[in-house]
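# Structure assessment
Spelled out from the first residue to the last, the chains are:
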Amino acid sequence: MTDAHIAAVGTSPLGWTDLPGRDLFSRALAETFADLPDPAEVVDALYVGAQSERYENQIMQGTLLAEWAGLQNRPAERVEACAAAGALALKNAVRDVRAGVHDAVLACGVEKMTAGGTEGATNALAAAFERALEQRSGITAPSQYALIARRYLHETDVTEADLAEIAVKNHRNAAANPRAMFQREVDVETVLDSEYVAPPLKLYDCAPVTDGAAAVLVTSERLAADLAADSVRVAGVGTAANALAVAESNLTYLEGADVAASRAYEDAGIEPGDVDVAEVHDAFTVCEAMLAEAVGFAPEGRGVETVRDPAERSPGWTDVHINTSGGLKARGHPIGATGLTQAVEAYEQLTGRAGDRQIPDAGTALLVNEGGLADAHTAAHVLTGV
Amino acid sequence: MSDHDITQTGPLAPEDVTADSPFTLPGFFDALGDGRLLAGRCTDCGTHLVPPRPACYECGSRAVTIEEQPRTGEVVSYTAVHRPPSPFSDLAPVTVAVVELDSGARLTGRVTAPVEEVEIGSSVAWRARDPDEVGIDPSAHLPYEEDWPVHEFELTR
Ligand SMILES: [Zn+2]
């Protein structure tokens, strides 16, 4: 098996922009290939994660983005699992390179979420949930996660103020991330005083609606060396699909995330305690706490200590630093691109490019990208420095 | 009233998968319109499946049968949707809950009470309604869903 590496990364600005999806992709691609030959000389195939054609009335995103990258007659396809689409693009790219099918595959993601306004985004995202009984009851993405959050707060001694601290921590991290949508700190009162979207979740518990694109070049180890790229190794991959309906979810334990991360750890030959930095899918604050528990970083019910310095956490916690990018909450959450923006942060941490948010000696990273309700779909990757 | 034999147990043959079978959505909603909430029940591990489907997600068995569900249960979790999808805006804020019926089967649905009156453990009972009567805009429905009832929960004390 060939080792798969990430040889270069790029993103568009993340936020509310005047650029349509294909142009956001062009921005990301320009950064990825700034120090490389033209994509057509390097890239054998392309995968694109894109959540919904409702935003721009455009499917065939594989063909479109390949065209915009100058990649004629190459395999190019869209993958979809709501917000896990970006990591699925990465997974497919890694699989192709490992199998020797291709030497270089471009994993990209794009979402133009603001195209239909808040109502358009609400309706497009609601399509990620079970149709027959749940959508027809008037649910939304925040309300589905609120059902998890309510039960989690009920079964643990975690409070809404504890969840607010996760938003505060992620905004603080984003303030040091030039890519982030919200490069500003907030205090816990601001979070707690923000309006309820679906109690117990408030506006500041929720990741924003974000326009954005990301492009990650996955190559064989040899090609990364030939390109003189500063690369990181994709050491482990794991995915799992769990139940679609919230009524069939465990509500307090994200089994699908546990399974996907365990597969990625096993593939990489590591343990949770070996992970230095992790980007986990904090679409809502409660998710960061629950994912910290599910992927083996935190003891049950103590995931909210993600905000503490490793030395000040409860016994049973690892030393991992979580969402150094600012997470979905503050870096931004352009649905189909999010899994790849997680990979961008890990790439920067593992190559010493993370500036003021650099974790010293970061050597191993975990990415956890989820789609639908929490662990309805999880894609996990382990990356290691070289 | 459907004349479908609800005692059928899977694995289903291809010819069993018809619009009058409760293993399909049209059959499930026909029964709901008649006041019967049907769940799949795995005869190997006992898991309830709402709506019914051909295979058990817990153990993988296709020996799933149909079981009529009780009317009452308890709230497992709840929230209020302050900004629901546009067809539901007349109902905002929409109280929704995950309910465990007395049988152990779970399903999500609207609750007709304000969220302040709902707690984990609240006793509820379901009923089936015409979506137009409830105030859901018809734009919510796909053409094949137009005659399907919607369920909702009422607090019972
Ligand atoms: Zn079973």
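Residues numbered from 1 in each chain as written. Chains lettered and ligands numbered in written order. Predicted model: local features only at pLDDT ≥ 70, side-chain atom pairs only at ≥ 80, totals over all residues. Heavy atoms only, no water.

## What about the overall build of chain B?
On a plain count of helices and strands, chain B comes out with two helices and eight strands. Reading the secondary structure of chain B in the N-to-C direction produces α-β-β-β-β-β-β-β-α-β. For chain B, whose C-alpha radius of gyration is 16 Å, the value lies close to the compact-globule estimate of 15 Å for 157 residues. Its C-alpha atoms put chain B at 45 × 35 × 25 Å along the principal axes. Classification of the 157 residues of chain B by burial places 49% in the buried group. Excluding contacts between residues fewer than 6 apart, the proportion of contacts in chain B whose partners are at least 24 apart in sequence is 55%. Here chain B displays about 7,200 Å² of accessible surface, and carbon together with sulfur accounts for 47% of that area. (Helix = DSSP H or I, 4+ residues; strand = E, 2+ residues; numbered from the N terminus. Rg over C-alpha atoms; globule rule 2.2 N^0.38 Å. Buried < 20%, exposed > 50% of the residue type's maximum accessible area, 1.4 Å probe, protein only. Contact = heavy atoms within 4.5 Å. Areas by Shrake-Rupley, 256 points an atom, 1.4 Å probe, with all protein chains shown as cover.)

## What about the domain arrangement of chain B?
Residue and element names in this part refer to chain B. Each domain of chain B was delimited in the assignment, giving domain 1 (5-68) and domain 2 (72-155). On a C-alpha basis, the centres of domain 1 and domain 2 stand 22 Å from each other. The partner domain 2 presents 11 residues to the 11 residues of domain 1 that form the contact. Both faces combined, the contact of domain 1 with domain 2 buries some 880 Å², and carbon together with sulfur accounts for 83% of it. The largest share of the area that domain 1 buries against domain 2 comes from Phe29, Leu32 and Leu37, three residues that together contribute 54% of it. For the pair domain 1 and domain 2, the number of links is zero salt bridges. (Domains from an automatic or database assignment. Buried area = accessible area lost by both parts, 1.4 Å probe. Salt bridge = Lys/Arg side-chain N within 4 Å of Asp/Glu carboxyl O.)

## A word on the coordination of the zinc ion
Residues and elements named next belong to chain B. Coordination of the zinc ion by the protein comes from Cys42 (SG), Cys45 (SG), Cys56 (SG) and Cys59 (SG), over a distance range of 2.3 Å. Classification of the site at the zinc ion as tetrahedral follows from its four donor atoms and the range of 104 to 116° in their angles at the metal. All donor residues of the zinc ion come from one chain, and their arrangement in sequence is C-x2-C-x10-C-x2-C. Of this pair, Cys42 sits in strand S1 (residues 38-42) while Cys59 sits in the loop between strand S2 (48-49) and strand S3 (64-68), and the two are 17 residues apart along the sequence. What makes Cys42 buried here is its relative accessible area of 2%. (Donors = N, O, S within 2.8 Å, 3.2 Å for Na, K, Ca; no water. Tetrahedral: all angles 85-135°; square planar, octahedral: opposite > 155°, others 65-115°.)

## A look at the packing of helix H4 (residues 85-98) of chain A against helix H13 (residues 338-350) of chain A
In a pair of packed helices, the angle between the axes and the distance between the axes together describe the arrangement. All names here are of chain A. Look at H4 against H13: their axes get within 5 Å of each other, and the N-to-C directions meet at 65°. Between H4 and H13, the angle falls in the class roughly perpendicular. On the side of H4, the interface is formed by Gly86, Ala87 and Leu90, while H13 contributes Gly339, Leu340 and Ala343. Split into classes, the residues belonging to the contact of H4 with H13 amount to four nonpolar, two polar and no charged. (Axes fitted to C-alpha atoms, helices over the stretch in contact; angles between N-to-C directions. Parallel < 35°, antiparallel > 145°, perpendicular 65-115°, else oblique. Nonpolar A, V, L, I, M, F, W, Y, C, P; charged D, E, K, R; others polar.)

## A look at the nonpolar core
Residues and elements named next belong to chain A. Counting residues in hydrophobic clusters, the biggest one holds 75 residues, and the most contacted among them are Tyr265, Phe284, Phe297 and Leu366. Sorting elements by how many residues they give to this core places helix H6 (residues 141-155) first, with eight residues. If you look at the next biggest cluster of nonpolar residues, it comprises 37 residues, including Ala87, Ala93, Val94 and Ala107. (Core = buried A, V, L, I, M, F, W, Y, C linked by side-chain atoms within 4.5 Å.)

## A closer look at the packing of H6 of chain A against helix H11 (residues 285-294) of chain A
Residue and element names in this part refer to chain A. In the contact formed by H6 and H11, the axes pass within 10 Å of each other and the chain directions differ by 65°. Considering the relative orientation of H6 and H11, their crossing is left-handed. Touching Tyr145, Ile148, Ala149 and Tyr152 of H6 are Val286, Cys287, Ala289, Met290 and Glu293, all from H11. Here the contact of H6 with H11 is built from residues that sort into eight nonpolar, no polar and one charged. (Left-handed = near helix turned anticlockwise from the far one by under 90°.)

## With respect to the pairing of strand S3 (residues 76-79) of chain A
Residue and element names in this part refer to chain A. The pairing of strand S2 (residues 45-49) with S3 spans four bridges and is classified as parallel. Looking across to S3, one finds that Leu46 is bridged to Ala76. In this region the chain leaves S2, passes through helix H3 (residues 61-68) and returns to the parallel neighbour S3; the handedness of that crossover is right-handed. (Pairing = 2+ DSSP bridges. Right-handed = clockwise from strand over helix to strand, strands pointing away.)

## As for the interface of chain A and chain B
Listed by partner, the interface residues are 34 residues for chain A and 39 residues for chain B. Summed over both partners, the interface of chain A with chain B comes to about 2,900 Å²; 57% of that surface belongs to carbon and sulfur atoms. Note that Glu145 of chain B is salt-bridged to Arg131 of chain A, the shortest N-O span being 2.7 Å. Joining chain A to chain B, the criterion identifies 14 residue pairs in polar contact (both at pLDDT 80 or more). Listing elements by their share of the side of chain A that touches chain B, those giving two or more residues are helix H5 (117-126), H6 and strand S5 (196-198) of chain A. The element contributing the most residues to the side of chain A that touches chain B is H6 of chain A, with six residues. (Polar contact = N/O pair within 3.5 Å; in protein donor to acceptor, adjacent residues only side chain to side chain.)

## Remarks on the pattern of salt bridges
One pass over the structure, following the stated rule, counts 28 salt bridges over all chains. The partner of Glu305 of chain A in a salt bridge is Arg308 of chain A, with the nearest N and O atoms 3.8 Å apart. For Glu305 of chain A, a relative accessible area of 2% corresponds to the buried category. Salt bridges sharing common partners tie together Arg110, Arg127, Arg129, Glu133, Glu152 and Glu154 of chain B.

## Brief notes about the environment of Ser12 of chain A
All names here are of chain A. Residue placement: Ser12 occurs in the loop between strand S1 (4-11) and helix H1 (21-32). C-alpha of Ser12 to C-alpha of Val197: the two residues are 185 residues apart in sequence and 28 Å apart in space. Among all residues touching Ser12, those that are not within four sequence positions of it are Leu24, Arg27, Ala28, Gly212 and Ala213. Looking at Ser12, its side chain comes within polar contact range of the main-chain nitrogen of Ala213, at 2.9 Å.

## Details of the sheet that holds S1 of chain B
Residues and elements named next belong to chain B. Strand order in the open sheet made by the three strands is S2-S1-S3, with antiparallel pairing throughout. Looking at the sheet topology across the chains shown, the edges are occupied by S2 and S3. Sheet analysis places S1 next to S2, joined by two bridges and oriented antiparallel. Bridge assignment links Arg41 to a residue of S2, and that residue is His48.

## What about the side chain of Glu370 of chain A?
Residues and elements named next belong to chain A. Tracing the backbone shows Glu370 in strand S11 (residues 364-371). Put simply, Glu370 is tucked away with no salt bridge, and the nearest opposite charge, on Arg263, sits 12 Å away. A polar contact is formed between the side chain of Glu370 and the side chain of Thr378, at a distance of 2.9 Å. (Lys, Arg positive; Asp, Glu negative; His and termini not counted.)

## Some thoughts on the confidence of the model for chain B
For chain B, per-residue confidence averages 95 on the pLDDT scale, and residues scoring 70 or more make up 96% of the total. For this predicted complex, the interface score ipTM comes out at 0.96, alongside a pTM of 0.97. (pLDDT = per-residue confidence, 0-100.)

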